[in-house]
Amino acid sequence: MSARNVLESQQSVHAATAGRRAAGCWKLATGQALSLRPNSHGVLQIAQGQAWVTLRGALADLPGAAVDHVLQPGEQLTVAPGQHVVMEAWNPQGSAEAVAFRWDALPASALTRPASQAARDWECGVVQPLRDLGQALGQGGRALGTALAGVAGAGGRFAAGLARFALLRIAAPLQRRTV
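Just so it is clear, the structure is predicted and the values come from calculations on it, not from any experiment.

Each value, and the rule that gives it
Residues numbered from 1 in each chain as written. Predicted model: local features only at pLDDT ≥ 70, side-chain atom pairs only at ≥ 80, totals over all residues. Heavy atoms only, no water. Pairing = 2+ DSSP bridges. Helix = DSSP H or I, 4+ residues; strand = E, 2+ residues; numbered from the N terminus. Axes fitted to C-alpha atoms, helices over the stretch in contact; angles between N-to-C directions. Core = buried A, V, L, I, M, F, W, Y, C linked by side-chain atoms within 4.5 Å. Buried < 20%, exposed > 50% of the residue type's maximum accessible area, 1.4 Å probe, protein only. Contact = heavy atoms within 4.5 Å. Polar contact = N/O pair within 3.5 Å; in protein donor to acceptor, adjacent residues only side chain to side chain. Patch = residues over 30% accessible without salt bridge, like charges linked within 9 Å, V, L, I, M, F, W, Y side chains within 5 Å. Areas by Shrake-Rupley, 256 points an atom, 1.4 Å probe, with all protein chains shown as cover. Salt bridge = Lys/Arg side-chain N within 4 Å of Asp/Glu carboxyl O.

J.: When you look at the sheet that holds strand β3 (residues 42-48) in this model, what are you seeing that I'm missing?
T.: Two orientations exist for strands paired in a sheet by backbone hydrogen bonds: parallel and antiparallel. Across the sheet, four strands lie side by side as β1-β8-β3-β6; this open sheet has antiparallel pairing. Where the open sheet ends on each side, the last strands, each with one partner, are β1 (25-28) and β6 (76-79). Across this sheet, the average inter-strand angle for adjacent strands is 30 degrees, counted without regard to direction. Looking at chain direction, β3 and strand β8 (residues 99-105) are connected through six bridges and run antiparallel. Bridge pairing links Gln45 to Arg102 in β8.

This is the structure:
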């Protein structure tokens, strides 16, 4: 599976349906791992948290050898086509902080020209938190709607039960009088 396919599976539904390529920031929660096998050159950059990254195929003289890296915020790792990257959140103090990272595929012409740091900072510091907020508000709205529907259903069942009880209380004395 290519890096693009893996990252698009984590990207929001709106971006995937809009046909945009995988770009931007993603989050990796503690206890989750991510495997990348890019088809082209790319840069993995950590925006928040610490990540333990294992890079296979990094040493040409030792086929199959792996190199481990612990990347801090702001650090990046260039990955060549054919290399295999496995990444997970690294929290030695036991904190549950997620790792926010960027994966940018680099075309051959872009290998000599790095992307603007200000643009990366804007994407990771403003745009991604706004996307997260929008998703959280959407999930909160859906949860509230579900709760209100449950309360309305319970209220309806209560009203029906109360009406049945009242009818039985009224009907029982009337039946005794007619007998």
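J.: Please explain the nonpolar core as it appears in this structure.
T.: The tendency in soluble globular proteins is for nonpolar side chains to be buried as a group. In this structure, Leu44, Ile46, Val53, Val85, Met87 and Phe101 are the most contacted members of the largest nonpolar core, which totals 18 residues. Of all the secondary-structure elements, those providing two or more residues to this core are β1, β2 (33-36), β3, β4 (51-56), β6, β7 (84-89) and β8. Setting aside residues no more than four positions away along its own chain, Val53 makes contact with Leu44, Val67, Asp68, His69, Leu71, Leu77, Val85, Val86 and Met87.

J.: Looking at this structure, I do not really get the side chain of Thr54. What am I missing?
T.: The topology assignment puts Thr54 in strand β4. Among the polar contacts made by the side chain of Thr54, one reaches the side chain of Asp68 at a distance of 2.6 Å. With sequence-adjacent residues up to four places away left out, Thr54 is seen in contact with Ala66, Val67, Asp68, His84, Val85 and Val86.

J.: What am I meant to see in a nonpolar patch on the surface here?
T.: A contiguous nonpolar surface patch, about 250 Å² in accessible area, is contributed by Trp52, Val70 and Trp90. Tracing the sequence through the fold places Val70 in strand β5 (residues 66-71).

J.: Is there a simple way to explain the sheet that holds β7 in this structure?
T.: The strand order across the open sheet formed by four strands is β2-β7-β4-β5, and the pairing between neighbours is antiparallel. With partners counted over all chains shown, the strands left at the sheet margins are β2 and β5, one partner each. Each strand axis lies, on average, 20 degrees off the axis of its neighbour in the sheet, ignoring direction.

J.: When you look at the side chain of Gln45 in this model, what are you seeing that I'm missing?
T.: Structurally, the position occupied by Gln45 is in strand β3. Discounting chain neighbours no more than four positions away, the residues touching Gln45 are Gly74, Glu75, Gln76, Ala100, Phe101, Arg102, Gln117 and Arg120.

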